[in-house]
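# Observations on chain architecture
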Amino acid sequence: MLTTPRPDDRVASAFRFATELVAWVATPWALAATSVPLAVLSVAVLIGLPTVFSTPGDKRSVIVAVPGLVTIALVVLHVLAAVAAAWAAWHAIAAALVTVLAVVTVVLELPRWRWLLGR
């Protein structure tokens, strides 16, 4: 069985990490006014899920192996959380910048996503 090598995604990884950071900050910020426990839970979910669930070959250590589609869904979750929370909690200019970051992240992620779908 031939396996396609993982694409070089160093630039995509930097944008993906920046988007994750925004999600980790903006989501609890947006939720804190409603519920502090929900804000704390959001960070636990956003950090915990990708830590526990990953696709073999995508990370060095895999705690719980999942198909590539699950890894893609976790990235999409972060992108959507970052954008929605930024628009809910921050000034429109900051939210617009986060939206641009999210779009660039998704575009740069496409080769990795194609690879993950083939796993």
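So, a few notes on the structure that sits alongside this text.

A few words now on helix α4 (residues 92-117). If you check α4, its first and last C-alpha atoms are 35 Å apart, about what 26 residues at 1.5 Å a residue would give, namely 38 Å. The largest bend in α4 is about 45°, located at L110, with the proline P111 one to four residues further on. Those residues of α4 that fall on the buried side of the exposure criterion are A95, V98, L101, A102, T105, E109, R112, W113, W115 and L116. Buried residues in α4 make contact with α1 (10-32) and α3 (68-89).

Turning our eyes to something else, we now look at the side chain of T105. Tracing the backbone shows T105 in helix α4. A distance of 2.8 Å separates a polar atom in the side chain of T105 from a polar atom in the side chain of T19. With residues near it in sequence (within four places) discarded, T105 still touches F15, R16, T19 and V79.

If charged atoms from side chains of opposite charge come close, those side chains can pair. Enumeration according to the criterion identifies eight salt bridges in this entry. Notably, a salt bridge pairs R6 with D58, separated by 2.7 Å at the nearest N-O pair. One end of the pair, R6, is in the segment before α1; the other, D58, is in the loop between β1 (53-54) and β2 (64-65), with 52 residues separating them in the sequence. The exposure class of D58 is buried, given its relative accessible area of 11%. When salt bridges with common partners are traced through the structure, they connect R6, D9, R16, D58, E109 and R112 into a single cluster.

Conventions adopted
- Residues numbered from 1 in each chain as written.
- Predicted model: local features only at pLDDT ≥ 70, side-chain atom pairs only at ≥ 80, totals over all residues.
- Heavy atoms only, no water.
- Helix = DSSP H or I, 4+ residues; strand = E, 2+ residues; numbered from the N terminus.
- Expected span 1.5 Å × (residues − 1).
- Bend = angle between axes of the 7 residues up to and from the residue.
- Buried < 20%, exposed > 50% of the residue type's maximum accessible area, 1.4 Å probe, protein only.
- Contact = heavy atoms within 4.5 Å.
- Polar contact = N/O pair within 3.5 Å; in protein donor to acceptor, adjacent residues only side chain to side chain.
- Salt bridge = Lys/Arg side-chain N within 4 Å of Asp/Glu carboxyl O.

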